[in-house]
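Survey of secondary and tertiary structure
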Amino acid sequence: MILVCTAQSVYASFTDNLTIGNPKALSLGHAVTADPPSIDSVHYNPAGLTRLKGRQLHLKFVYGIFSTEYELGDYGEFQQGLIDEYSQYWSDEDGNLTPEGEAYFYDEALNTKSEVEGPTVMLPGGMVDLPFAGGFMGGASYTPPGSRYTFATNVYAPMMNGVHRDDDDPGRFFQQRGAFTLLTYFSPSVAFEVSDEFQIGLSINFNYSGMGIDLPAREPHLALFFYGSDFISENFCNPEGPLEGITDIDLCNTVSPYTVYTDLRFEVDQNLVLGYNVGMLWSPEPWITFGLSYNSNINVDMDGDYEFPIRPYFKEVLLSAMGGDDWPLVVAAAGALGYELPTAEETANQGSGKINVTYEIPQHWNFGMSLQITPKWKYNVDVRWTEWSAFSKLNFKFDRDIPLMQLGELADQLGTGGKNGVYGDGVEYQLNLQDVTYWGMGTEYQYNKNLALRMGFEKRPSAVPDDEPNAFIPINDGNLYSVGFGYRFDDDDNLDVAIGYFASETHYPPCSAKLGNGCNPNDVVFAPYQGQDIKSKVEFILFEIMYSKHF
């Protein structure tokens, strides 16, 4: 169940560059490696800082209208077959479900629609639900008179994402609240003009990293359907049953496969995470410029608190099964085989504690070209590479063994030989992401000496392999379209404005996404919509405005 947390991180990371907030970059499809935009060159290509003269500052505002929808459709053949097979135990003589049977098989998410309620952000102090997705950022630069050096610092968000849903939204099993933040709050940077044709730059980034999850959990697994069958009631809830020797394990309390059995909540962060950016610009001719930049990987090691209570009814079911004299024998037998199972007392006391989360945010390489085709027309193109495979390994470590995780470890070992990395005190999980190469382009038309008009396009492919879909990542392959303008005032101050639109749609047929609607009973993963047809749609409109001023 903890594996859903990895999906939230990936979802957030796929929004990289979209939360930087630079209107020029957005309006040119982020094809600005060879045409770096003002003080935000700190991120896109620090060498571009050499183009700033004197003392400058900028203040920018970012506003987003986001929509994330899930269509939770009908069951596929596998799940409907399970329901048809086990409904016989909950039907009357005419084959109709009894009232108890209707309650047992009730699925609140069947043929429904889920929409996020609004944005959530993770900041020092915890997650905060916001009335809208937006915020202010800024930076400053300084070039000493007659110097070839330029110095700068900037505040920006390389990655920031978060949402919250209503308490009764059927999509809350993806996450009811979740937020991911990587915020650069201090970025001392220096750029050097080697010659008129060649410039270099370096930025050291001081970042805040934070992550929060609020997740109610359910999983309509085959084992829960079997738990409600006559075989269990006759042999494990009947003192006179044929398995008389082991009837002291009490499995009399039935539990619906669609029962919400626990709630996982945690908030972790790290106040100082270091990274760096380097870049260079080369203009062999006045009408052409090449740019190359590198954003380093960032290793985060976040600590915080968790709450992991078992819901009362499900706890009652577990404690009933563990309450007999035979459960300690089961624990001892599993221990002899190298598996630790929880005692009834440990299960009753499962609650809260400390958690540690570690992973690597991947490195990026960016190559760009800017062509001044005519005095009025300029064309930019960028190619980028991101090492998403490095982000595949995520580690979640609790401060103690968690009873539900101990049971999950046993199931993972028996089902897959431990492939899913589930342990009693955490998870070491491989997302199996793939490295991605993608591109963007933009054009700028200098309408007059003050006004420049811009338009851009960016192709943004998913790092999730086609053969391993993940329904917890609603943002996949998509295209970004953008327009904007820049206006230079007579005092050389600048106003830049941009609007961008992005859309991504994905279909997950029943049983196709191991994380989400998977059906393999051997996979110990979080599949709250097992065997159900799922469609996701993500759309957003970004509005960005920036004012740059000499001072």
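The present account deals with the structure reproduced in this document. (Residues numbered from 1 in each chain as written. Predicted model: local features only at pLDDT ≥ 70, side-chain atom pairs only at ≥ 80, totals over all residues. Heavy atoms only, no water.)

Right, let's get into empty space enclosed by the protein. Evaluated as defined, the whole model comprises three cavities of 30 Å³ or more. As a volume, the largest cavity reaches approximately 300 Å³. Going through the elements one at a time, α3 (41-44), β7 (156-164), β8 (177-186), β10 (198-217), β11 (262-285), β12 (288-295), β15 (364-372) and β16 (377-386) are the ones with two or more residues in the lining of the largest cavity. Counted by class, the lining of the largest cavity contains 10 nonpolar, 15 polar and three charged residues. (1 Å grid on protein atoms, 1.4 Å probe; cavity = no way out; pocket = protein on both sides within 12 Å on 5 of 7 lines; lining within 4 Å. Points joined across faces, edges and corners; volume = space filled by probe spheres on them. Helix = DSSP H or I, 4+ residues; strand = E, 2+ residues; numbered from the N terminus. Nonpolar A, V, L, I, M, F, W, Y, C, P; charged D, E, K, R; others polar.)

Okay, helix α4 (residues 77-86) next. All buried positions along α4 are accounted for by Gln79, Leu82, Ile83 and Tyr86. Buried residues in α4, looked at end-on, bunch into an arc of 95 degrees, giving them a common side. Against β1 (54-75) and α6 (222-227) lie the buried residues of α4. (Buried < 20%, exposed > 50% of the residue type's maximum accessible area, 1.4 Å probe, protein only. Arc of directions from axis to C-beta. Contact = heavy atoms within 4.5 Å.)

You will see that Asn111, though not glycine, has its phi angle at about 50 degrees, which is positive. Among the secondary structure elements, Asn111 is positioned in the loop between α5 (99-104) and β2 (112-115). At Cys511, a position not held by glycine, the phi torsion is positive, near 70 degrees. As for its position among the elements, Cys511 is in the loop between β23 (494-508) and α12 (514-517). Judged by its relative accessible area of 30%, Cys511 is partly exposed.

Time to look at the state of the cysteines. Disulfide: a covalent bond formed between the sulfur atoms of two cysteine residues. A full pass over the atoms with the stated rule returns one disulfide. The partner cysteine of Cys511 in its disulfide is Cys519, sulfur to sulfur 1.9 Å. Torsion about the S-S bond of the Cys511 and Cys519 cystine: about -75 degrees, corresponding to left-handed handedness. When its relative accessible area of 8% is taken as the criterion, Cys519 is described as buried. (Disulfide = S-S within 2.5 Å.)

So, on to the pattern of salt bridges. One pass over the full model with this rule turns up 25 salt bridges. Asp129 serves as the salt-bridge partner of Arg177, at 3.2 Å between the closest nitrogen and oxygen. Remark: Asp129 occurs in strand β4 (residues 126-129) and Arg177 occurs in strand β8; sequence separation between them is 48 residues. Asp169 is the partner of Arg165 in a salt bridge, and the nearest nitrogen-oxygen pair spans 4.0 Å. Overall, the relative accessible area of 6% leaves Arg165 in the buried class. Note on Asp169: relative accessible area 9%, which makes it buried. (Salt bridge = Lys/Arg side-chain N within 4 Å of Asp/Glu carboxyl O.)

Direction of pairing for strand β22 (residues 478-488) relative to β23: antiparallel, over a ladder of 10 bridges. Across the sheet, residue Phe485 finds its bridge partner in β23, namely Val497. The turn joining β22 and β23, which pair antiparallel and follow one another in sequence, is formed by five residues; a positive phi near 70 degrees is taken by Asp492. Bridge count between β23 and strand β24 (residues 532-550): 15 bridges; the pairing is antiparallel. Across the sheet, residue His507 finds its bridge partner in β24, namely Lys535. (Pairing = 2+ DSSP bridges.)

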